[in-house]
Amino acid sequence: MDLLLNTNPLSPSYGDLTYRNGPLSRDLTTQARIEVVAQRLLIRLSTWREEWFLDQSYGVPYWNILGSKTSKSAVDLIFQQQILLEEGVREITSFQSTLSNREYRMTFRVRVNTGEITPDITITPII
């Protein structure tokens, strides 16, 4: 089976992978929606803004955080906004973070559109 991109700019799945024998839809995925959203969050929060050439607005604006005296609450807000931008996330149900010696660590849970809540997701981005 060949993989190809949907090149119709009017399609809601523009830029997504499709199969030659039919589009890949959420209903046909083998992973639970909660796992897909958790994986997407890990990818989004690990990507620097302007790193992905197909969408330069995607990812965390690490350049706004690095090299400046950004407060922990401002960093928390940046990451919370990025979490809520991810497709499939309905709300953040818990969020804890620490900032010590320039090491930031966050642990959070989100409710996905199906109503399920993810297990704890812990990320330690480089800041």
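Residues numbered from 1 in each chain as written. Predicted model: local features only at pLDDT ≥ 70, side-chain atom pairs only at ≥ 80, totals over all residues. Heavy atoms only, no water.

A. The arrangement of the overall build of the protein chain in detail. Broken down by element type, the protein chain carries 3 helices and 5 strands. N-terminal to C-terminal, the α/β element order of the protein chain is β-β-α-α-α-β-β-β. Counting every position in the protein chain, which comprises 127 residues, the buried fraction comes to 32%. About 8500 Å² of surface is accessible on the protein chain, with carbon and sulfur atoms providing 52% of the total. (Helix = DSSP H or I, 4+ residues; strand = E, 2+ residues; numbered from the N terminus. Buried < 20%, exposed > 50% of the residue type's maximum accessible area, 1.4 Å probe, protein only. Areas by Shrake-Rupley, 256 points an atom, 1.4 Å probe, with all protein chains shown as cover.)

B. The arrangement of unusual backbone geometry in detail. A positive phi angle is found at E50, which is not glycine, with a value near 75°. Structurally, E50 is set in the loop between α1 (33-46) and α2 (62-65). The exposed category is assigned to E50, whose relative accessible area is 53%.

C. How the structure looks around the packing of aromatic side chains. A complete count under the given rule lists 6 aromatic pairs for this structure. Consider the rings of W48 and W63, whose centres lie 5.0 Å apart with planes at 65°: the pair is edge-to-face. Highlighted residues: W48 in the loop between α1 and α2 and W63 in helix α2, separated in sequence by 15 residues. Relative accessible area serves as the criterion here: at 26%, W48 is assigned to the partly exposed category. Taken together through their ring pairs, the aromatic side chains of W48, Y62, W63, F79 and Y104 make up a single cluster. (Phe/Tyr/Trp six-rings, centres within 6.5 Å; stacked < 30°, edge-to-face > 60°.)

D. View of the pattern of salt bridges. Going through the model one piece at a time under the given rule, you end up with 5 salt bridges. A salt bridge links R109 to D120; its shortest N-O distance comes to 2.6 Å. Residue R109 is found in strand β4 (residues 103-112), and its partner D120 is found in the loop between β4 and β5 (121-123); the two are separated by 11 residues along the sequence. Looking at D120, the relative accessible area reads 44%, which means it is partly exposed. (Salt bridge = Lys/Arg side-chain N within 4 Å of Asp/Glu carboxyl O.)

E. Broad picture of the sheet that holds β5. One open sheet holds the 3 strands; their spatial order is β3-β4-β5, and the pairing between them is antiparallel. Single-partner strands in this sheet number two, and they are β3 (89-100) and β5. Going from strand to strand, the sheet's axes swing by 20° on average, the running direction of each strand aside. Where β4 lies against β5, 3 bridges are found, and the strand directions are antiparallel. The partner of F108 across the bridge, within β5, is I121. Strand contacts of helix α3 (residues 72-85): β3 and β4, with the helix running at about 150° to β3, the strand carrying the most contacts. (Pairing = 2+ DSSP bridges. Axes fitted to C-alpha atoms, helices over the stretch in contact; angles between N-to-C directions. Contact = heavy atoms within 4.5 Å.)

F. View of a nonpolar patch on the surface. Where nonpolar side chains cluster on the molecular surface, the patch consists of W52, F53 and L54 and spans about 380 Å² of accessible area. Looking at where F53 falls in the secondary structure, it is placed in the loop between α1 and α2. (Patch = residues over 30% accessible without salt bridge, like charges linked within 9 Å, V, L, I, M, F, W, Y side chains within 5 Å.)

Scope: geometric values only; no functional claims are made or implied.
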